Amino acid sequence: MITKHPIAPIAANGAADHSTKAIATTLARAFQDDPALAWIIPDPERRRKVLPRFFAIMAQQSFRHGEVLGSAPETGEGAATGTAHHAAALWYPPGEVRDGALQSLQDNLRLLGVFGASLPRGLKVAEAMYARHPDPQRFFYLRYVGVAPEAQGKGWGGAIIRAGIERAAEQGLGVLLETATPANVPIYTRLGFEISEEWQVPGGGPKFWTMIRP
């Protein structure tokens, strides 16, 4: 079927890993004003500098264990500014995802380099998220999804989420996600998600919605 919003799995491409950089660039720009990341890293300029590194780590984890979806890479003006995708999404499979001890240590050291003194806040958010996942975790997990600012409001967000929903449905599975952005809640509701829980990050952190599409 021909669509004006083509979405496909993205493959990591070896040592140069241009795929990781392109996905990380799109997500960093999309999440610049995200309430949770703004709470973790309050300074917007610092956030702008470190988010590409953070999302590179997140993308590499999904390349290892799950799946990365993206829109067709841009080849025009967007590519020249470093944004290779209109939209990108990072997924994990059902169940518990674990790296080996060495890989976990490497990722943790890289995250410390990204967040510095803000790392405890980042860990607090992550721990609160995972504490609310069902046990056993039987859903595909949408870790992050974002649309480049210049492509927002043009259907890319819905297209990439629906693509992931369809891939989960092929295996008879639903989808789990969280959002800290109130405006996202009705969007996800229209896509068939239901609110599982509304909760606050301890210590004055942002409000989150955990949502499930059965």
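See the structure shown above.
Residues numbered from 1 in each chain as written. Predicted model: local features only at pLDDT ≥ 70, side-chain atom pairs only at ≥ 80, totals over all residues. Heavy atoms only, no water.

Student: Please explain the overall build of the protein as it appears in this structure.
Tutor: Per the secondary structure count, the protein includes eight helices and seven strands. Scaling as 2.2 N^0.38, a compact globule of 214 residues should have a C-alpha radius of gyration of about 17 Å, and the protein matches this with 16 Å. In terms of overall dimensions, the protein has a C-alpha envelope of 45 × 35 × 35 Å along the principal axes. Counting over 214 residues, the protein shows a buried share of 46%. Taking as baseline every contact in the protein between residues at least 6 positions apart, the subset at least 24 positions apart corresponds to 73%. Accessible surface, the protein: about 10800 Å² in total, of which carbon and sulfur atoms supply 56%. Positive and negative side-chain charges of the protein, numbering 22 and 20 respectively, have mean locations separated by a distance of 3 Å. (Helix = DSSP H or I, 4+ residues; strand = E, 2+ residues; numbered from the N terminus. Rg over C-alpha atoms; globule rule 2.2 N^0.38 Å. Buried < 20%, exposed > 50% of the residue type's maximum accessible area, 1.4 Å probe, protein only. Contact = heavy atoms within 4.5 Å. Areas by Shrake-Rupley, 256 points an atom, 1.4 Å probe, with all protein chains shown as cover. Lys, Arg positive; Asp, Glu negative; His and termini not counted. Charge placed at Lys NZ, Arg CZ, Asp CG, Glu CD.)

Student: Please clarify how the packing of helix α1 (residues 18–30) against helix α3 (residues 44–65) should be interpreted in this entry.
Tutor: Here α1 crosses α3 at 125°, and the two axes come no closer than 8 Å. The angle between the axes of α1 and α3 places the two elements in the oblique class. α1 and α3 meet at a crossing whose hand is right-handed. Where α1 approaches α3, its residues Ser 19, Thr 20, Ile 23, Ala 24, Leu 27 and Ala 28 are matched on the opposing element by Leu 51, Pro 52, Phe 55, Ala 56, Ala 59, Gln 60 and Phe 63. When the residues that make up the contact of α1 with α3 are grouped by side-chain class, the tally is 10 nonpolar, three polar and no charged. (Axes fitted to C-alpha atoms, helices over the stretch in contact; angles between N-to-C directions. Parallel < 35°, antiparallel > 145°, perpendicular 65-115°, else oblique. Left-handed = near helix turned anticlockwise from the far one by under 90°. Nonpolar A, V, L, I, M, F, W, Y, C, P; charged D, E, K, R; others polar.)

Student: How should the packing of α3 against helix α5 (residues 101–115) be read in this particular structure?
Tutor: Axis angle and axis distance: for two packed helices, these are the angle between their axes and the distance between the axes, and together they describe the pair. α5 packs onto α3 with a crossing angle of 165° between their chain directions and a minimal axis gap of 9 Å. Of the possible angle classes, the one that applies to α3 and α5 is roughly antiparallel. Here the hand of the crossing between α3 and α5 comes out left-handed. Every residue of α5 that contacts α3 at Arg 46, Val 50, Arg 53, Phe 54, Ile 57, Met 58, Gln 60, Gln 61 and Arg 64 is listed here: Gln 103, Asp 107, Arg 110, Leu 111, Gly 113, Val 114 and Phe 115. When its residues are assigned to classes, the contact of α3 with α5 shows seven nonpolar, four polar and five charged.

Student: When you look at the environment of Arg 48 in this model, what are you seeing that I'm missing?
Tutor: Looking at the element boundaries, Arg 48 is found in helix α3. With a relative accessible area of 47%, Arg 48 lands in the partly exposed category. For the pair Arg 48 and Gly 95, spaced 47 residues apart in sequence, the C-alpha to C-alpha distance is 32 Å.

Student: I keep staring at unusual backbone geometry and nothing clicks. Help me out?
Tutor: Excluding glycine, residues mostly have negative phi values, and the peptide bonds linking residues are mostly trans. In this chain, Asp 135 is followed by Pro 136 through a cis amide linkage whose omega measures 5°. On the secondary structure map, Pro 136 appears in the loop between α6 (119–131) and β4 (140–147).

Student: How should I be thinking about the sheet that holds strand β6 (residues 194–200) in this particular structure?
Tutor: Taken in spatial order, the seven strands of this open sheet run β1-β2-β3-β4-β5-β7-β6, and their pairing is mixed. Two strands lie at the open edges of the sheet, namely β1 (7–9) and β6, each paired on one side alone. Across the sheet, the axes of successive neighbouring strands diverge by a mean angle of 25°, strand direction being ignored. As defined by bridge partners, strand β3 (residues 87–92) adjoins β4 across six bridges and the pair is classed as antiparallel. Bridge pairing in β4 links Tyr 92 to Tyr 141. Along the sheet face, helix α7 (residues 156–169) touches β1, β2 (67–71), β3, β4, β5 (175–179) and β7 (207–213) and points at about 145° away from the line of β2. (Pairing = 2+ DSSP bridges.)

Student: How should the packing of aromatic side chains be read in this particular structure?
Tutor: Here the distance between the centres and the angle between the planes together describe a pair of aromatic rings. In this structure the tally under the stated criterion is nine aromatic pairs. With a centroid separation of 5.2 Å and an interplanar angle of 90°, the aromatic rings of Phe 55 and Tyr 144 are classed as edge-to-face. Of the two residues, Phe 55 is situated in helix α3 and Tyr 144 in strand β4; the sequence distance between them amounts to 89 residues. Three or more aromatic residues joined by ring pairs form one cluster here, namely Phe 31, Phe 54, Phe 55, Phe 115 and Tyr 144. The side chain of Arg 143 reaches across the aromatic face of Tyr 92, ending 4.0 Å from its centre. (Phe/Tyr/Trp six-rings, centres within 6.5 Å; stacked < 30°, edge-to-face > 60°. Lys NZ or Arg CZ within 6 Å of the ring centre and 35° of its normal.)

Student: Explain α5 to me, please; I cannot follow it from the model alone.
Tutor: Each turn of an α-helix holds 3.6 residues, which means side chains three or four residues apart point in the same direction. Compared with an ideal rise of 1.5 Å per residue, which puts 15 residues at 21 Å, α5 spans 21 Å between its outermost C-alpha atoms and is within 8% of the ideal. For α5, the complete set of buried residues consists of Asp 107, Leu 111, Val 114 and Phe 115. End-on, the buried residues of α5 take up no more than an arc of 75°, which puts them together on one face. Among the exposed residues of α5, those oriented more than 90 degrees off its buried face are Ala 101, Leu 102 and Leu 109. Tucked inside the fold, the buried residues of α5 contact α2 (35–40), α3 and α6. Downstream of α5 by one or two residues, Gly 116 has phi in the positive range, about 60°. (Expected span 1.5 Å × (residues − 1). Arc of directions from axis to C-beta.)

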